[in-house]
Structures are given as structure tokens and as C-alpha cells.
Amino acid sequence: MSDAFPVTVFHNPGCGTSRNVLAMVEAAGYRPEVVEYLQVGWTVDHLAALFAEAGLTPREALRDKEAVASELGLLDPAAPDAAILIAMVEHPVLVNRPIVRTPKGAALCRPSERVFDLLERTPDRFVKEDGEVVTPASCSATAR
């Protein structure tokens, strides 16, 4: 279904933050395009464009908690962005998540409430998986 306000969630279903963001988008009444990037992968050009849109460097988007990041030497401050991008293509788990893109822009939505800044409408309140209740008006990232 085409939505006048398209929302794309680059999603890892194994990540609680990613699941919360997807649920927040759906609770706001959107039917997002969900890209399970661990399954479909990335290209260097796609990642570079997405990071540029989100105002992120590859290092800022690197999921440094993954063992492979250390094994590949990506935690070294001297590791070049090009090497990080190539590693992300080879190991999609190295991309921090979730990243959301809408007509308002793109962002790494950590914490999950950051997604509210990218939406035209938001739920009045949302209960996260851990039971935390959030409201867009109370989120410091939003001024609603």
C-alpha cells in the first residue's frame, strides 16, 4: 500500500530497540516498508547515501559491540571510513539499528523515541517491550 508519508525502517527483528521503533511507527498508523537488512544486505553506495542523509559517519553508525568489529580492527580510531563501510557490507550486523527514513529525513533511532521526530503523526502514548510508557510530548527529542 502506498502511503502519502512513506516510512522505511531498516530493521533487525532480533533487536528490542528495533522492534520498539517498528511498533511505534505502526502505533502511529503507518504501514512502513520494513527492510530486514541482515537478510537483504547492503551496498557501499546505499549505506553511504543513507548515512549522509542521517548525518552519520560510518564510525558513528558502527555497532561496536559486535565482536567482529574488534576482530577486523574497526575500533581503532585510525580505521578509515571506507574500511568500515566495506566491513558493513560484508557483515551487515555491524550497522547499528534501527535506521528510519521518512520525508522528514533519516536517523539512527537510538533511543527509540527519536523516531517521533521523523513522523507526521505519533501515538498519544506507547508502551515499550520492557513496560516503559513513553509519550511524544514527554520525549526530550521532540517538542510536541
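Below or above, wherever it landed, is the structure these notes cover. (Residues numbered from 1 in each chain as written. Predicted model: local features only at pLDDT ≥ 70, side-chain atom pairs only at ≥ 80, totals over all residues. Heavy atoms only, no water.)

**Concerning the side chain of glutamate 113**
Relative to the assigned elements, glutamate 113 resides in the loop between β4 (105–108) and β5 (126–127). Side-chain polar atoms of glutamate 113 contact the side chain of lysine 128, separated by 2.8 Å. With residues up to four places along the chain from it excluded, the contact list for glutamate 113 reads Met24, Lys128, Glu132, Val134 and Cys139. (Helix = DSSP H or I, 4+ residues; strand = E, 2+ residues; numbered from the N terminus. Polar contact = N/O pair within 3.5 Å; in protein donor to acceptor, adjacent residues only side chain to side chain. Contact = heavy atoms within 4.5 Å.)

**Observations regarding the pattern of salt bridges**
Applying the stated rule across the entire model yields five salt bridges. Where glutamate 129 meets arginine 19, a salt bridge forms, and the shortest distance between an N and an O atom there is 2.6 Å. Highlighted residues: glutamate 129 in the loop between β5 and β6 (133–134) and arginine 19 in helix α1 (residues 16–27), separated in sequence by 110 residues. Classification of arginine 19 by relative accessible area gives partly exposed; the value is 33%. Salt-bridge contacts for glutamate 66 lead to arginine 63; the nearest nitrogen and oxygen are separated by 3.4 Å. (Salt bridge = Lys/Arg side-chain N within 4 Å of Asp/Glu carboxyl O. Buried < 20%, exposed > 50% of the residue type's maximum accessible area, 1.4 Å probe, protein only.)

**Description of the sheet that holds strand β3 (residues 99–102)**
Within a beta sheet, neighbouring strands are joined by backbone hydrogen bonds and run either parallel or antiparallel to one another. One open sheet accounts for four strands, arranged β2-β1-β3-β4; its pairing is mixed. Looking at the sheet topology across the chains shown, the edges are occupied by β2 (33–36) and β4. Pairs of neighbouring strands in the sheet enclose a mean axial angle of 15°, with direction left out of account. As paired strands, strand β1 (residues 8–11) and β3 are joined by three bridges and run antiparallel to one another. Each bridged residue has a counterpart across the sheet, and for threonine 8 the counterpart in β3 is arginine 101. (Pairing = 2+ DSSP bridges. Axes fitted to C-alpha atoms, helices over the stretch in contact; angles between N-to-C directions.)

**As for α1**
For α1, with twelve residues, the first-to-last C-alpha span of 16 Å sits near the 16 Å given by 1.5 Å per residue. Ser18, Asn20, Val21, Leu22, Met24 and Val25 are the residues of α1 that are buried. Backbone geometry just after α1 places glycine 29 at a positive phi near 95°. (Expected span 1.5 Å × (residues − 1).)

None of the figures reported here should be taken as evidence of function without further support.
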